[in-house]
Amino acid sequence: GAIARDLGADAAAVSRAAALCKNDLVTKMVFEFPELQGLMGGYYARASSESEAVATAIREHYLPVQQGTPIPSTREGQVLSLADKLDALAGIFAIGQKPTASKDPYALRRAANGVLRICIEGELALDLSELLREALDFQPAGKKDAATHTELLEFVLERLRALLVVDGVSTEIFEAVKATGTTQPLDFAQRLKALQGFAALPASANLAAAHKRVRNLLKQAGTVSEQIDPALFEQPAERALFAAINGLQLGGDYASQLAALASLRDPVDDFFAAVMVNADNPAVRANRLALLARLDKLCRSVADISLLPG
């Protein structure tokens, strides 16, 4: 019901389907033919005068059963499938029966893949961390603390890696997006797609190398102010980089934002060629570091550019 309300789906239909979705497991039909679970539930629901939304949700709530099979076709079916899979993941982790490298008796990897695919292919803007926290809170027993939540979230995010690191998507691209801390599968996939296109641009390697340098300088400097005073600029390259940063148009989708970042390649290269960041004058040095801190923030707005090859 909570997930349905978040998505504007029919919460009453979802709740009714949730109450009935496992009933077909006690019939002789499904006892003899287990592969008919869900399918028979949909037939029984229709024969019992349940609504089409309820019957379809019951029929489809096991979907997707494996890679390549479709996700549920209705929003109510998607919500019910998500709730069922999240409940299984949270419940089994709470009682300490998580999968091992060689054994996954409760098919939790498949459940996690299903959750991710429904969020991405169904274009559901849901936060995985919040969903798993709620699923744990609903469990009647077991460990439901922050450590269990963190372990469960990391498990599902690793399935996201297996799902998305395909078709030319490198591990570096995945890690660059993961570093943003986003836990929305749909948002993650959108960032990753945009970054894949950006990584193919000639400017990406240069900007990645420069961002690595920026990250190292800021790390060595410790706490850095973000207050920039243009009056303290001594080199034209400082003014040019400041102007380029202020002139960026960062509206629109992630691909547009990364395309805008690519335009910083030349001013950033010129800055490092002409400017000594660690100047003797403390005020000038602090001002240059503040400028780099602004650049660093931009370079981590869609993904952590420093983690790309460069």
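Read on for a plain summary of the structure. No experiment lies behind these values; they were computed from the predicted model shown. (Residues numbered from 1 in each chain as written. Predicted model: local features only at pLDDT ≥ 70, side-chain atom pairs only at ≥ 80, totals over all residues. Heavy atoms only, no water.)

If you walk through the whole model with that rule in mind, you get 4 aromatic pairs. With centroids separated by 5.0 Å and ring planes inclined at 40°, the aromatic side chains of Phe 174 and Phe 188 adopt a geometry described as tilted. Placement of the pair is Phe 174 in helix H10 (residues 171-178) and Phe 188 in helix H11 (residues 185-199), with a sequence separation of 14 residues. You'll find Phe 174 and Phe 188 in the same group, each marked buried. One cation-aromatic arrangement involves Arg 59 over Tyr 43; the distance from NZ or CZ to the ring centre is 5.8 Å. (Phe/Tyr/Trp six-rings, centres within 6.5 Å; stacked < 30°, edge-to-face > 60°. Helix = DSSP H or I, 4+ residues; strand = E, 2+ residues; numbered from the N terminus. Buried < 20%, exposed > 50% of the residue type's maximum accessible area, 1.4 Å probe, protein only. Lys NZ or Arg CZ within 6 Å of the ring centre and 35° of its normal.)

Taken as a whole and judged by the stated rule, the model has 16 salt bridges. One salt bridge in this structure joins Glu 52 and Arg 46, with 2.9 Å as the shortest N-O distance. Taking the shortest distance from any N to any O, the salt bridge between Lys 98 and Glu 151 comes out at 2.3 Å. Remark: Glu 151 occurs in helix H9 (residues 146-164) and Lys 98 occurs in the loop between helix H6 (75-94) and helix H7 (108-121); sequence separation between them is 53 residues. Relative accessible area serves as the criterion here: at 34%, Glu 151 is assigned to the partly exposed category. Each of Glu 154, Glu 158, Arg 161, Glu 175 and Lys 178 takes part in one network of salt bridges that share partners. (Salt bridge = Lys/Arg side-chain N within 4 Å of Asp/Glu carboxyl O.)

As a further point, take the environment of Ala 107. Structurally, Ala 107 can be placed in the loop between H6 and H7. On the basis of relative accessible area, Ala 107 is assigned to the partly exposed category, the value being 23%. With 66 residues separating them in the primary sequence, Ala 107 and Ile 173 have C-alpha atoms 28 Å apart.

Another aspect to go through is H10. Taken as a whole, H10 has its buried residues at Ile 173, Phe 174, Ala 176 and Val 177. Viewed along the axis of H10, the buried residues span an arc of 160°, placing them on a single side of the element. Residues of H10 that are buried in the fold lie against H9 and H11. (Arc of directions from axis to C-beta. Contact = heavy atoms within 4.5 Å.)

Between H11 and helix H14 (residues 254-262), the least distance of the axes is 8 Å, while the angle of their chain directions is 35°. Seen from above, H11 lies across H14 with right-handed handedness. On H14, the residues that touch Asp 187, Gln 190, Arg 191, Ala 194, Leu 195 and Phe 198 of H11 are Tyr 254, Ala 255, Leu 258 and Ala 262. The class makeup of the residues in the contact of H11 with H14 is 7 nonpolar, 1 polar and 2 charged. (Axes fitted to C-alpha atoms, helices over the stretch in contact; angles between N-to-C directions. Left-handed = near helix turned anticlockwise from the far one by under 90°. Nonpolar A, V, L, I, M, F, W, Y, C, P; charged D, E, K, R; others polar.)

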